[in-house]
Amino acid sequence: MSEVETTNDQNPAPKRKAKKPSRSQMRSASRRLALQAIYQWQMNHSSVNEIETQFTLDQDMSDCDKAYFRELLQGVTSRAKKLDDLFEELLDRSLSELDSIELAVMRIGAFELSERLDVPYRVVINEGVELAKGFGATESHKYVNGILDKLAQRVRREEIAARRNS
């Protein structure tokens, strides 16, 4: 063994601390986990509290905003009918014909657009598109984008107008 190798083995390079994720990265992670939890709720109608407990125990939630995950999960599932009503007439098919991932993504988007006015509408749409790209069918992100954009124009009219005028 050469002296250089011995030195490297004896004095390994100092480990760098992992950079803490930004707030937006943590929120994105929360949305991804919430999408999976809401999908599970839609598919097997388990108790939301059971699903939340399961995710808290089984998923690595170190890089997500746990409070935001909980708010999305609880908010979407408790207001599902109200959220569906917000975007149902914008659809070109019935709710029952929607892919389950698309439905979950649109429910999250509708929740954030209507309930979380602190989240810019463009962020809500972009996050919905990214979720659809990551979990949905090949072209579902385009459909989700169109529906959330139309919904934003209804529920965030003032915000959109202010952005256009600035």
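All residue numbers refer to positions counted from 1 along the written sequence of the respective chain. Totals for whole chains, interfaces and linings use every residue, but because this is a predicted model, local features are given only for residues with pLDDT of at least 70 and side-chain atom pairs only at 80 or more, for both listing and counting. Excluded from the side-chain calculations are hydrogens and water; all other atoms, namely the structure's heavy atoms, are used.

### Concerning the packing of aromatic side chains
Line of reasoning, step 1. Put simply, two rings from Phe, Tyr or Trp (the six-membered ring, in Trp's case) pair if the centres are within 6.5 Å, and we call them stacked under 30 degrees between planes, edge-to-face over 60, tilted for the rest. Tallied over the full model, the rule gives 1 aromatic pair.
Line of reasoning, step 2. The residue whose ring lies beneath Arg27 is Tyr68, and the NZ or CZ to ring-centre distance is 4.0 Å.
Line of reasoning, step 3. Comment: the charge-over-ring label is applied if NZ (Lys) or CZ (Arg) is within 6 Å of the ring centre and within 35 degrees of the ring normal. The residue whose ring lies beneath Arg93 is Tyr143, and the NZ or CZ to ring-centre distance is 4.1 Å.

### Regarding unusual backbone geometry
Line of reasoning, step 1. Within the chain, His45 stands out as a residue other than glycine whose phi angle is a positive 55 degrees.
Line of reasoning, step 2. Examined against the element boundaries, His45 turns out to sit in the loop between helix H2 (23–44) and helix H3 (48–58). The helix and strand labels rest on DSSP assignments: H or I over at least four residues marks a helix, E over at least two residues marks a strand, and numbering proceeds from the N terminus.

### Quick look at the layout of surface pockets
Line of reasoning, step 1. Site definitions follow a grid-based scheme: protein atoms alone, a 1 Å grid, a 1.4 Å probe that fits but cannot get out for cavities, and for pockets an open set with protein on both sides within 12 Å along at least five of seven lines, plus lining residues having an atom within 4 Å of a point. Grid points are joined across faces, edges and corners, and a volume is the space filled by probe spheres set on the points. The calculated volume of the largest pocket comes to roughly 160 Å³.
Line of reasoning, step 2. Of all elements in the fold, only H2 and helix H7 (121–135) reach the threshold of two or more residues within the lining of the largest pocket.
Line of reasoning, step 3. For this classification, Asp, Glu, Lys and Arg are treated as charged, while Ala, Val, Leu, Ile, Met, Phe, Trp, Tyr, Cys and Pro are nonpolar and the rest, including Gly, are polar. Of the residues belonging to the lining of the largest pocket, the class tally is 3 nonpolar, 2 polar and 5 charged.

### Regarding the nonpolar core
Line of reasoning, step 1. Phe69, Phe87, Leu91, Leu98 and Met106 are the most contacted members of the largest nonpolar core, which has 47 residues in total.
Line of reasoning, step 2. Those elements that provide at least two residues to this core are H2, H3, helix H4 (66–78), helix H5 (80–87), helix H6 (100–115), H7 and helix H8 (140–155).
Line of reasoning, step 3. In terms of residues, this core owes the most to one element, H6, which gives 9 residues.
Line of reasoning, step 4. Should any heavy atoms of two residues lie within 4.5 Å, those residues are counted as being in contact. In contact with Leu91, other than residues within four places in its own chain, are Leu98, Met106, Tyr143 and Ile147. Residue types Ala, Val, Leu, Ile, Met, Phe, Trp, Tyr and Cys, when buried and joined through side-chain atoms within 4.5 Å, form a set referred to as a nonpolar core. The rule is simple: take the accessible area with a 1.4 Å probe, protein chains only, and divide by the maximum for that residue type; under 20% is buried, over 50% is exposed, in between is partly exposed.

### Topic: H4
Line of reasoning, step 1. Here, expected helix span is obtained from the residue count minus one, scaled by 1.5 Å. Across its 13 residues, H4 extends 18 Å between first and last C-alpha, which sits within 8% of the 18 Å expected from 1.5 Å per residue.
Line of reasoning, step 2. Residues of H4 that are buried include every one of Tyr68, Phe69, Leu72, Leu73, Gly75, Val76 and Thr77, and no others.
Line of reasoning, step 3. Each polar contact in these results corresponds to two N or O atoms within 3.5 Å; when the atoms are within protein, one needs to be able to donate a hydrogen and the other to accept it, and residues that are neighboring in sequence are counted only if both atoms are side-chain atoms. Backbone nitrogen of Ala67 and a side-chain oxygen of the N-cap are separated by 3.2 Å at the start of H4; the cap is Asp65.

Scope: geometric values only; no functional claims are made or implied.
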